[in-house]
Amino acid sequence: MSNRFCDKCGKEAQHKEVMKQKPSKYGKSRKEQFKAFLDGFFSGSASSLPGGGSLEVTDRYLVCTRCGKHTLENHGLEFQ
Ligand SMILES: [Zn+2]
C-alpha cells in the first residue's frame, strides 16, 4: 500500500498494487493456449512469473482504495 495522489478523489489516498494480465492475442481454447505457450517458449521469453504470466503480458495497476480507480503503472523500469 502506498499513498498517492488520486485524480478522481482529488487528494492523496491509499493505493494498492494489482497485476493484470493483458488481453492475449490468442483465443481461450486449449489449442490456442498451447500455441501461445509454444510461441513464448520459442521466442525465448523464459521470464515467467509465478502467476503464469510473463513480464511482457502483465500490466501493473495502482488501485485507489477510496474510489477504486485503476491507474496503469508500468513506469517501474528503473527498478529492474
Ligand atoms: Zn481515488
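Scroll up to find the structure.
The structure reproduced in this document is the subject of the present report. This one's a predicted model, so the numbers in the text were calculated from it and none came from an experiment.

### Thoughts on the side chain of Glu73
By the element assignment, Glu73 lies in the segment after β4 (70-72). Side-chain polar atoms of Glu73 contact the side chain of Arg4, separated by 3.5 Å. In this structure, Glu73 is in contact with Arg4, Arg60, Tyr61 and Leu62, ignoring residues within four places of it in sequence.

### Some points on the sheet that holds strand β3 (residues 58-64)
The pairing of strands in a sheet comes from backbone hydrogen bonds and takes either a parallel or an antiparallel form. Reading across from one edge, β1-β2-β3-β4 is the order of the 4 strands in this open sheet, with antiparallel pairing throughout. Only two strands of the sheet have a single partner each, and these edge strands are β1 (2-6) and β4. For this sheet, the mean inter-axis angle between neighbouring strands, taken without regard to orientation, is 50°. As paired elements, strand β2 (residues 11-21) and β3 share 7 bridges and run antiparallel to each other. Bridge assignment links Gln21 to a residue of β3, and that residue is Thr58.

### Examining the pairing of β1
Where β1 meets β2, 5 bridges bridge the pair, whose relative direction is antiparallel. Residue Asn3 lies in a different strand from β2, and its bridge partner there is Gln14. Taking the residues that link successive antiparallel strands as the turn, the β1-β2 hairpin has 4 residues, and the phi of Gly10 there is positive, at about 75°.

### Here we look at the coordination of the zinc ion
Within the first shell, the zinc ion binds the protein through Cys6 (SG), Cys9 (SG), Cys64 (SG) and Cys67 (SG), at distances of 2.3 to 2.4 Å. For the zinc ion, the 4 donor atoms are set out with angles of 104 to 115° between them, so the coordination reads as tetrahedral. Written as a sequence motif, the donor arrangement for the zinc ion is C-x2-C-x54-C-x2-C. Pair noted here: Cys6 is in strand β1 and Cys64 is in strand β3, with a separation of 58 residues, a long-range link. By the burial criterion, Cys6 is buried, and Cys64 matches it.

### Some points on the environment of Cys9
With respect to the helices, strands and loops of the structure, Cys9 is situated in the loop between β1 and β2. Taking C-alpha positions, Cys9 is 8.7 Å from Cys64, a pair spaced 55 residues apart along the chain. Not counting residues up to four positions away in its chain, the partners in contact with Cys9 are Cys64, Arg66 and Cys67.

Rules used in this analysis
Per chain, the residues get numbers from 1 upward, laid out in the order the sequence is written. Note on the predicted model: pLDDT of at least 70 is required for a residue's local features to be given, and 80 or more for side-chain atom pairs to be given and counted; whole-chain, interface and lining totals, by contrast, use all residues. Where side-chain values are given, they derive from all heavy atoms of the structure, hydrogens and water being excluded. Only DSSP runs of H or I with at least four residues qualify as helices, and only runs of E with at least two residues qualify as strands; both kinds are numbered from the N terminus onward. As used in this structure description, the phrase polar contact means that two N or O atoms lie within 3.5 Å; if the pair is within protein, one of them must be able to donate a hydrogen and the other to accept it, and residues adjacent in sequence are counted only when both atoms belong to side chains. In this description, contact between two residues means that some pair of their heavy atoms is separated by no more than 4.5 Å. Two strands form a pair only when DSSP identifies at least two bridges running between them. The angle between two axes is taken between their N-to-C directions and runs from 0 to 180 degrees, where each axis is a line fitted to C-alpha atoms and a helix contributes only its stretch in contact. Donor atoms (N, O, S) are those found within 2.8 Å of the metal centre, with the cutoff raised to 3.2 Å for Na, K and Ca; water is not part of the atom list, so apparent gaps in a site can occur. Only two sets of limits are used to name each site, 85 to 135 degrees for every angle of a tetrahedral four-donor site, and over 155 degrees for opposite donors with all other angles from 65 to 115 for a square planar four-donor or octahedral six-donor site, with any other site named irregular. Each residue is placed in one exposure class: buried if its accessible area under a 1.4 Å probe, protein chains only, is under 20% of its type's maximum, exposed if it is over 50%, and partly exposed if it falls in between.

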